[in-house]
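# Remarks on the overall topology
Now for the letters of each chain:
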Amino acid sequence: MNAYRCRQWALITFLGLMFLIGELALSNSKGNYEFFPFYSWSMFALVPNEEKNYQVMIHRVGSHTLDPPIDFREAGSFAKNPGALPAYHVIQKLGKSLEAGDIDTSKKLRNHLESTYLQPNTSYEVMKQKEDPLKLWKKQNRGLSYRPEQSPVAQFKTAP
Amino acid sequence: MSVVSLSRWIRHRFSSPAQREPTSFSPSELLRDQRLIFTRSQMLVYAIYAFQLFIALSLLPQWEGYLNRPNLLPLWPILWVQWLPCNTGVFIILVLFLTGSFTGAFFARWRSARLLAFIGIFFFTAFNNSFGKIGHSLHVLTFISFILIFLPDGWHLARQPKRVIRQSTIFTLWCAQAIPLLAYTMAGLIKIICGVGQLVSGQASVFGWEGLPRHVADRLLQTNSEPFLGSIFIDYPWFSMPLMWITLYIEFFALWALFRPAIQWFFIGSLVAFHAASFFTMTIIFPHNCFLIVLLLAAAPLHNQTWTWASFARQLPLFGRLVRHLTAGT
């Protein structure tokens, strides 16, 4: 087969693999549905209905007690870069690993969360939450009456 | 099945029936077109590597931050950094990215240079996504950099090389065009499949009125941000959902645009508008992808066809059939 035909085969095969491996990656839930660098491009594929996710509630920072405890996402200066999307994803992975009893992974993720996003001497709790995002947003911005279900997963304190 | 019959089958499935009508171009006109498209392909290669170098250089001020960034959770291509002294591996990755991009920009005629350019961006993309979450801003450029390794020897010649080298170069660039469009089609496909699943199970889906408002609300809660279109898209679904359905159509049929020159400008413009709207709604932007699709498909398209509104309408996926039926015999 001449060089031109070989090149055609190789490139078409690569495009096919990009599609197939990307779609197969949907089975890799632990790896965020991708086999790097092949991705399913499944961004915003599922419309969030009632979502189960994990939140970090901060109870105390240094000598400052927060009553009621505040959501990490709304922690402002009580945390470091609380609006960062990677922080949200680290919290989700931490929650899942804690519930699954994966001690090594949860320890790594906890270290990452505490050193990158939390202040020293912070008492916090990882909570499992069932929320309807549309209702929750309307509660925060349009005064809708709504309370998501929460259940505790684990409590920790960062180093001084 | 031979590669010739496979490519003919692919072209037949994705092109419009209107394009299969016999044309009156002579062999010399086709050859002249091929030479012009080949020259454009050469410029596209240089532009792509210049873009990669631009990205590498614009990241130089962040090197200090990268070297001091804690808690690296390395992806598989860069697991080797764990066995090197502190920060040495990261430094090697950054230098490789810069050197590879420089080499690609100035010495792309040699395959080894293009290989180094790919290795540089591949390792950097792996490193940049090794902190807890994988972003996808550089994936398309990484894949394109891989494809360009396969350019034929002699692609760079200023005096027109042999016809087979010209055709090989054009085909390689055509595959580079296919990368971002395939990614969009995959995104549209999975949205449609998930949408059907959610619709059938009685949940809110992309086919209902709450699809986009829920996505936006969820995103705004995650990031605790208030982009100016966000609340409008949530409060007025009758405005936002039709835009989402149009975007879904454009995304799913993006790969068809590769085979239908008359609709390329519309699809690329719509995708760029979609990315701009995503920023004003959910603070998500893919500037690298926007640049690449405009460069590859709008600025220097690999065809010489001038479009008309009639050819545009006839080549639209799904709707083109209706147009052809309605205008049959006129």
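Reference entry: report on the structure contained in this document. Because the structure is predicted, anything quoted here is derived from the model rather than measured.

## Some thoughts on the side chain of serine 168 of chain B
Here serine 168 of chain B is to be found in helix α7 (residues 163-200). Every residue in contact with serine 168 of chain B, bar those within four places of it in the chain, is listed here: Tyr4 and Arg7 of chain A together with Pro152 of chain B.

## So, the pattern of salt bridges
Working definition: two side chains of opposite charge can pair if their charged atoms are close together. By the definition in use, this model includes nine salt bridges over all chains. Across the pair aspartate 71 of chain A and arginine 73 of chain A runs a salt bridge, and its minimum N-O distance is 3.0 Å. Given the relative accessible area of 7%, arginine 73 of chain A is considered buried. In this structure, aspartate 153 of chain B and arginine 111 of chain B form a salt bridge, with 3.2 Å as the shortest nitrogen-oxygen distance.

## Notes on the pairing of strand β5 (residues 122-131) of chain A
Residue and element names in this part refer to chain A. Burial analysis of β5 places eight of its 10 residues in the buried class, which makes it a mostly covered element. Relative to β5, strand β3 (residues 51-61) runs antiparallel, the two sharing 10 bridges. The partner of tyrosine 54 across the bridge, within β5, is lysine 128. Where β5 lies against strand β6 (residues 149-157), eight bridges are found, and the strand directions are antiparallel. Bridged to glutamate 125 within β6 is glutamine 155.

## Some points on the interface of chain A and chain B
Contacts between the two partners involve 52 residues from chain A, matched on the other side by 70 residues from chain B. When the area that chain A buries against chain B is broken down by residue, the three leading residues are Phe36, Trp41 and Phe44 of chain A, summing to 15%. As a salt-bridge pair, aspartate 235 of chain B and arginine 142 of chain A come within 2.6 Å of each other at their nearest N and O atoms. Between the two partners, chain A and chain B, sit 12 residue pairs in polar contact (both at pLDDT 80 or more). Contributing elements (two or more residues each) for the side of chain A that touches chain B: α1 (3-24), β2 (38-39), α2 (85-100), α3 (103-117) and α4 (133-142) of chain A. At 14 residues, the largest contribution of residues to the side of chain A that touches chain B is made by α1 of chain A. Tallied by class, the residues present in the side of chain A that touches chain B amount to 27 nonpolar, 12 polar and 13 charged.

## So, the sheet that holds β6 of chain A
All names here are of chain A. Here four strands make up an open sheet; going across it, the order is β4-β3-β5-β6 and the pairing antiparallel. One side of each edge strand has no neighbouring strand; the edge strands of this open sheet are β4 (64-71) and β6. Averaged over all pairs of adjacent strands, the angle between their axes in this sheet comes to 20°, without regard to strand direction. Most of the contacts of α2 go to β3, to which it runs at about 100°, and overall it touches β3, β5 and β6.

## Section: empty space enclosed by the protein
Residues and elements named next belong to chain A. For the coordinates displayed, the defined rule picks out one cavity of 30 Å³ or more. Every residue lining the largest cavity is listed: Gln55, Phe72, Arg73, Pro82, Ala84, Ala87, Tyr88 and Ile91. When residues of the lining of the largest cavity are assigned to their parent elements, the largest contribution, three residues, is made by α2.

## Quick look at a nonpolar patch on the surface
Residues and elements named next belong to chain B. A grouping of Trp209, Phe228, Ile232, Tyr236, Trp238, Phe239, Leu243, Ile246, Phe279, Phe280 and Ile285 is seen on the molecular surface, where their side chains present a nonpolar patch of about 1100 Å² in accessible area. Put simply, the parts of the chain that give the nonpolar patch at least two residues each are α10 (237-252) and α12 (261-282). The element contributing the most residues to the nonpolar patch is α10, with four residues. Mapped onto the fold, leucine 243 is located in helix α10.

Rules behind the numbers
- Residues numbered from 1 in each chain as written.
- Chains lettered and ligands numbered in written order.
- Predicted model: local features only at pLDDT ≥ 70, side-chain atom pairs only at ≥ 80, totals over all residues.
- Heavy atoms only, no water.
- Helix = DSSP H or I, 4+ residues; strand = E, 2+ residues; numbered from the N terminus.
- Contact = heavy atoms within 4.5 Å.
- Salt bridge = Lys/Arg side-chain N within 4 Å of Asp/Glu carboxyl O.
- Buried < 20%, exposed > 50% of the residue type's maximum accessible area, 1.4 Å probe, protein only.
- Pairing = 2+ DSSP bridges.
- Buried area = accessible area lost by both parts, 1.4 Å probe.
- Polar contact = N/O pair within 3.5 Å; in protein donor to acceptor, adjacent residues only side chain to side chain.
- Nonpolar A, V, L, I, M, F, W, Y, C, P; charged D, E, K, R; others polar.
- Axes fitted to C-alpha atoms, helices over the stretch in contact; angles between N-to-C directions.
- 1 Å grid on protein atoms, 1.4 Å probe; cavity = no way out; pocket = protein on both sides within 12 Å on 5 of 7 lines; lining within 4 Å.
- Points joined across faces, edges and corners; volume = space filled by probe spheres on them.
- Patch = residues over 30% accessible without salt bridge, like charges linked within 9 Å, V, L, I, M, F, W, Y side chains within 5 Å.
- Areas by Shrake-Rupley, 256 points an atom, 1.4 Å probe, with all protein chains shown as cover.

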